[in-house]
Amino acid sequence: MMLGLSAIWLIRAKVRFIQERQAVVPKLSENQEIQLLHVCHPLVKNAVANDVHFGQDLTAIVITGPNTGGKTIMLKTLGLTQVMAQSGLPILADKGSRVGIFEEIFADIGDEQSIEQSLSTFSSHMTNIVGILGKVNQHSLLLLDELGAGTDPQEGAALAMAILEDLRLRQVKTMATTHYPELKAYGIETAFVQNASMEFDTATLRPTYRFMQGVPGRSNAFEIAKRLGLSEVIVGDASQQVDQDNDVNRIIEQLEEQTLESRKRLDNIREVEQENLKMNRALKKLYNELNREKETELNKAREQAAEIVDMALSESDQILKNLHSKSQLKPHEIIEAKAKLKKLAPEKVDLSKNKVLQKAKKKRAPKVGDDIVVLSYGQRGTLTSQLKDGRWEAQVGLIKMILEEKEFDLVQAQQEKQVKKKQVNVVKRTSGRGPQARLDLRGKRYEEAMNELDAFIDQALLNNMAQVDIIHGIGTGVIREGVTKYLQRNKHVKSFGYAPQNAGGSGATIVTFKG
């Protein structure tokens, strides 16, 4: 029971650590590769985040530079982060970070500033290193602080290089810090070994604690001494004695500038990625809202269409009952009943003419002043005018662009108020020009011609006409055949036939109605 509660409290602590410190669970590398993005020391307040790339082929990273620059903190950050990850704890780094799996992690880290420099200090460090060298293998991670310190600088540098070379040949992943400039050349000339340093701001005479991988540390003693007020004559005399080192420092300074420029570009890229992620989330949300609105409007349109059909069926049934109740019907009564049926039950329901859908469509239609998102760039802009060819002019930042409607999406369409027009159906018994005794169907489509023929015959019967002419032409004979079949079905037609040869022949039909 106690074990179960302990496990629950451990999980709860991990969750709170992730939420309160924005920690992440890193990925595990199968080849002992370490890639830490914006990693921070878990116990230092307001710690500076740094990137560490310890690739599969890289054996050693040698951090050089003066004291109080953050070299030891960098060692501890790597060690603690690796131990936390292998213990199943989240780490203070960005998503995408990876850690390796090591059998053992060794460290020889001491605070040189708080221990008196003496032979006993060197002996103590060397005793630890000797014990570590007897245990490490290619599955170990080793952290060494101020390697070779506490003795003669020349001998200490030689020992440090010899130890690093032994570890390199045994393929032991090692991160070491040192003051010795000789190790800079070792890091440049030796394969699978990389230099690194901690950035120092000479303007403020303070370290920035930023880790610069690939750039060896340089001495800032002359610059610091000059800014603190030391005579320029003394500083110049000292610099002349180390001309060769000054050349190296100038090269290192150039590398630092390039590294800083690369870091700025990387930060800008990260900001753009975050903006793109926010824009992507906003567009997805807008797309889902539009789909929901579309479904809602379509459902309303279906319901209205169903109500219209039900009403039309009900009234048509009533009209048919009235027709059956009468034994004898006059022509004009039949025509008026048929007109009512046509208005009640249209041939098809066109959802595109539905007022609800029209309103929704106009609501989403682009208008001048609407905010848009250009799909190809993901940038926001505003519509300024519409060209004659249907394209739009938009202001996107400082640039004016000509866009087709498919090249952008609306962010928020402005809703226009529509004035509802009341539709009034009027049944006219005659046209304004008076009754026509001739109908010309030439050049009409079959369906259009049959509709006009039906309306023409109804109008002729309403005006008590005895005879009419229908001009259908010869052509393929389709309309002529349709006219013939229609007249055969009509009960009010007494007779019909082709016109005389001098009046159109088989291209026209003369119709006589019953008295």
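Residues numbered from 1 in each chain as written. Predicted model: local features only at pLDDT ≥ 70, side-chain atom pairs only at ≥ 80, totals over all residues. Heavy atoms only, no water.

## Let's talk about the environment of Glu-405
Working step 1: With respect to the helices and strands, the residue Glu-405 is situated in the loop between strand 14 (399-403) and strand 15 (408-412).
Working step 2: Look at Glu-405 and you get partly exposed, because its relative accessible area is 47%.
Working step 3: A C-alpha to C-alpha distance of 8.1 Å links Glu-405 and Pro-366, two positions 39 residues apart in sequence. (Helix = DSSP H or I, 4+ residues; strand = E, 2+ residues; numbered from the N terminus. Buried < 20%, exposed > 50% of the residue type's maximum accessible area, 1.4 Å probe, protein only.)

## What about the pattern of salt bridges?
Working step 1: This structure, assessed with the given rule, holds 13 salt bridges.
Working step 2: Ionic pairing is found between Arg-168 and Glu-165, a salt bridge with its closest N-O pair at 2.6 Å. Highlighted residues: Arg-168 and Glu-165, both in helix 4 (residues 153-169), separated by three residues, approximately one helical turn.
Working step 3: Overall, Arg-168 belongs to the buried group, its relative accessible area being 18%.
Working step 4: Look at Glu-165 and you get partly exposed, because its relative accessible area is 24%.
Working step 5: One salt bridge connects Asp-389 with Arg-391, and the closest N-O pair in it is separated by 2.8 Å. (Salt bridge = Lys/Arg side-chain N within 4 Å of Asp/Glu carboxyl O.)

## Remarks on the pairing of strand 12 (residues 379-386)
Working step 1: Bridge count for strand 11 (residues 371-374) against strand 12 is four bridges, and the pairing is antiparallel. By the bridge assignment for strand 12, Asp-371 is matched with Thr-382.
Working step 2: In this sheet, strand 13 (residues 392-396) lies alongside strand 12 in antiparallel orientation, the contact comprising four bridges. Each bridged residue has a counterpart across the sheet, and for Thr-382 the counterpart in strand 13 is Gln-395. (Pairing = 2+ DSSP bridges.)

## Quick word on the environment of His-179
Working step 1: Positionally, His-179 belongs in the loop between strand 8 (173-178) and helix 5 (182-189).
Working step 2: You can call His-179 partly exposed: its relative accessible area is 38%.
Working step 3: In this structure, the C-alpha to C-alpha distance between His-179 and Pro-153, residues 26 residues apart in sequence, is 9.1 Å.
Working step 4: The residues contacting His-179, other than those within four sequence positions of it, are Gly-65, Pro-66, Asn-67, Lys-71 and Glu-146. (Contact = heavy atoms within 4.5 Å.)

## Let's talk about the sheet that holds strand 18 (residues 493-498)
Working step 1: What the four strands build is an open sheet, ordered 16-17-19-18; its pairing is mixed. Since the sheet does not close on itself, it has two edges, and those belong to strand 16 (438-440) and strand 18, each with one partner. For this sheet, the mean inter-axis angle between neighbouring strands, taken without regard to orientation, is 20°.
Working step 2: Both strand 16 and strand 17 (residues 467-471) contribute to a ladder of three bridges, which runs parallel. Opposite Arg-438, over in strand 17, you have Asp-469 as the bridge partner.
Working step 3: The sheet contacts of helix 11 (residues 446-462) involve strand 16, strand 17 and strand 19 (508-513), and relative to strand 17 the element is tilted by about 165°.
Working step 4: Running over the sheet, helix 12 (residues 478-489) touches strand 17, strand 18 and strand 19 and is turned about 160° from strand 18. (Axes fitted to C-alpha atoms, helices over the stretch in contact; angles between N-to-C directions.)

## Considering the nonpolar core
Working step 1: Leu-36, Ile-61, Ile-63, Met-175 and Phe-211 are the most contacted members of the largest nonpolar core, which totals 24 residues.
Working step 2: Of the residues forming this core, the biggest block, five residues, is contributed by helix 2 (residues 71-86).
Working step 3: Each residue touching Ile-63, except ones within four places of it in the same chain, is listed here: Lys-71, Met-74, Met-175, Ala-176, Thr-177, Thr-178, Ala-196, Ser-197, Met-198 and Phe-211.
Working step 4: Counting 20 residues, the second-largest nonpolar core is a separate cluster that includes Phe-106, Val-136, Leu-144 and Ile-163. (Core = buried A, V, L, I, M, F, W, Y, C linked by side-chain atoms within 4.5 Å.)

## Comments concerning the sheet that holds strand 6 (residues 104-108)
Working step 1: A sheet is described by the order of its strands in space; here six strands give the open sequence 6-7-8-4-9-10, paired in mixed fashion. With one partner strand each, in any of the chains shown, strand 6 and strand 10 (206-213) form the two edges of the open sheet. Averaged over all pairs of adjacent strands, the angle between strand axes in this sheet comes to 15°, irrespective of strand direction.
Working step 2: In this structure, strand 9 (residues 193-201) lies alongside strand 10, joined through five bridges in antiparallel fashion. Paired with Phe-200 across the bridge in strand 10 is Pro-207.
Working step 3: Strand contacts of helix 4: strand 4 (60-64), strand 7 (140-144), strand 8 and strand 9, with the helix running at about 165° to strand 8, the strand carrying the most contacts.
Working step 4: Relative to strand 9, helix 5 is tilted by about 130°, and along the sheet it contacts strand 4, strand 8 and strand 9.

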